[in-house]
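# A look at the structure
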Amino acid sequence: MPLTFDLPLDELKTYPGINPRPADFDAFWEKALAEMQAVDPAVELVPAEFQVPGVECFHLYFSGVGGARLHAKFLRPARISMPAPAVLMFHGYSMDSNDWSYKLGFVAQGFVVAALDSRGQGGLSEDAGGVIGNTLHGHIIRGLADALAGRPEKLLFRQNFLDAAELAGIILNMPEVDSRRVGATGWSQGGGLTVACAALEPRISKAAPVYPFLSDYQRVWEMDQARDAYAELRDYFRHFDPQHRREAEVFRQLGYIDIQHLAPRIRAE
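Residues numbered from 1 in each chain as written. Predicted model: local features only at pLDDT ≥ 70, side-chain atom pairs only at ≥ 80, totals over all residues. Heavy atoms only, no water.

### Notes on the sheet that holds strand E2 (residues 55-63)
Quick note on the threshold: Here, any two strands with at least 2 DSSP bridges between them count as paired. Strands are runs of DSSP state E lasting at least two residues, helices are runs of H or I lasting at least four, and both sets are numbered from the N terminus onward. Fitting a line to C-alpha atoms yields each axis, with helices limited to the stretch in contact; the angle taken between N-to-C directions then spans 0 to 180 degrees. Residue contacts follow a heavy-atom distance rule, with two residues in contact if any of their heavy atoms lie within 4.5 Å.
With mixed pairing, the seven strands of this open sheet are ordered in space as E1-E2-E3-E5-E4-E6-E7. What marks the edges here is a single partner per strand, and that holds for strand E1 (44-47) and strand E7 (206-210). For this sheet, the mean inter-axis angle between neighbouring strands, taken without regard to orientation, is 20°. With nine bridges connecting them, E2 and strand E3 (residues 69-77) associate as antiparallel partners. Bridge assignment links Cys 57 to a residue of E3, and that residue is Leu 75. Seen against the sheet, helix H5 (residues 156-172) touches E2, E3, strand E4 (84-90), strand E5 (112-116) and strand E6 (177-187) and runs at an angle of roughly 130° to E2. Of the strands in this sheet, E4, E6 and E7 touch helix H6 (residues 189-200), which is tilted by about 150° from E6.

Rendered as structure tokens:
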């Protein structure tokens, strides 16, 4: 298949991205974390209909920023003789937390597992509007009009990143979990959420993002790769800025939810 990039591999390994980083990026995320930490998560564990010997399966519910009620699948070994390691799982765009059986291999090795349903996608989490289920189309640009009006805190992926970090904090603080051995992983959108989670929750000790999505939006646009999930960029300009008069500001605002700018916050071993 044809290559869809135009830089040599050696340059790609150190490529820093071109999407603008807002000048107040760090202050933006410190304020966001303070908002998240002020939320009472009201954690609830509800036994799941799916159960197998040696494993305890729960629906884990918690409250996130903006009043949304989030859902994750939560599994743990039925017998834990000492604090156990844990893995957080994040799913791809439009998907959900996947079925219970996919996680059993991790539990069999002694892991606690928590798999988040992202807001408004295929699982049981509420979106910011208070509805359960799919409000998928346009998540990247959801809140962009507010951001252009000076309210970048309305960007939906800000809330998604905070949901990932909040779930991590909940799991890290469980008495059955060894807080020194908690990792995160995911593919595509889940890879992006993995990076965001590790950046916003410094106690995450391992991160394994796979082809992470949600980065370098301006580069995507300039390479004419705004398709599939990134097609939302085309939709925005087509409907709201057809002459691209505010293109530079659009990409600056999207810089708040660009994981390449969050990645440097990740604690190195």
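The rest of the description comes next.
### Considerations on the packing of aromatic side chains
Selection rule: Pairs were defined over the aromatic rings of Phe, Tyr and Trp, the Trp ring being its six-membered one, requiring ring centres within 6.5 Å. Orientation was assigned from the angle between planes: stacked under 30 degrees, edge-to-face over 60, tilted for the rest. For the exposure calls, accessible area comes from a 1.4 Å probe over protein chains only, and a residue counts as buried if that area is under 20% of its type's maximum, exposed if over 50%, partly exposed in between.
Counting across every chain of the model gives 15 aromatic pairs. Judged by centre distance (5.3 Å) and plane angle (50°), the ring pair of Tyr 93 and Phe 213 falls under tilted. Residue Tyr 93 is found in the loop between E4 and helix H3 (104-108), and its partner Phe 213 is found in the loop between E7 and helix H7 (217-222); the two are separated by 120 residues along the sequence. By relative accessible area, Tyr 93 is classed as buried at 13%. We classify Phe 213 as buried; its relative accessible area is 6%. Considering the side-chain rings of Tyr 236 and Phe 237, the 5.8 Å spacing of their centres and the 75° angle between planes classify their relative orientation as edge-to-face. For the pair formed by Tyr 236 and Phe 237, the shared burial category is buried. Feature note: the residues Phe 28, Trp 29, Tyr 93, Phe 157, Phe 161, Phe 213, Tyr 217, Tyr 230 and Tyr 256 constitute an aromatic cluster, connected by ring pairs.

### A few points about the nonpolar core
To be explicit about the condition: Put simply, buried Ala, Val, Leu, Ile, Met, Phe, Trp, Tyr and Cys residues joined by side-chain atoms within 4.5 Å make one nonpolar core.
Within the largest apolar cluster, 69 residues are counted, with the highest numbers of intra-cluster contacts made by Leu 88, Ile 140, Phe 161, Leu 167 and Ile 171. At 10 residues, the largest contribution of residues to this core is made by H5. In contact with Leu 88, not counting residues within four places along its chain, are Ala 114, Leu 167, Ala 168, Ile 171, Val 182, Gly 183, Ala 184, Thr 185, Cys 197 and Ile 204. Judged by nonpolar contacts, the second largest core, of 10 residues, contains Ala 48, Met 89, Trp 100 and Ala 115.

### A look at the pairing of E5
Most of E5 is tucked away, with five of its five residues classed as buried. A two-sided burial pattern is seen for E5, the buried positions comprising Val 112, Ala 114 and Leu 116 on one face and Val 113 and Ala 115 on the other. Looking at chain direction, E3 and E5 are connected through four bridges and run antiparallel. Considered in E5, the bridge of Lys 73 is made with Ala 115. Across five bridges, E4 lies against E5 in parallel orientation. Residue Ala 86 lies in a different strand from E5, and its bridge partner there is Val 112.

### So, helix H9 (residues 247-254)
As a reminder of what qualifies: Each direction from the helix axis to a C-beta atom contributes to the arc, which is the arc of those directions.
Burial in H9 covers these residues: Val 250, Phe 251, Gln 253 and Leu 254. Down the axis of H9, the buried side of the element spans an arc of 160°, and every buried residue falls inside it. Along its buried surface, H9 packs onto helix H4 (144-148), H7 and helix H8 (231-240).

### Quick notes on the pattern of salt bridges
Here is the rule we go by: Salt bridges are defined as contacts in which a side-chain nitrogen from Lys or Arg sits within 4 Å of a carboxyl oxygen from Asp or Glu.
Evaluated as defined, the whole model comprises 15 salt bridges. For Glu 44, the salt bridge identified is with Arg 69, shortest N-O distance 3.7 Å. Separated by 25 residues along the polypeptide, Glu 44 in strand E1 and Arg 69 in strand E3 bring together distant segments of the chain. Relative accessible area serves as the criterion here: at 21%, Arg 69 is assigned to the partly exposed category. Between Glu 201 and Arg 203 there is a salt bridge, with the nearest N and O atoms lying 3.1 Å from each other. Of the residues examined, Glu 201 reaches a relative accessible area of 10% and is grouped as buried.

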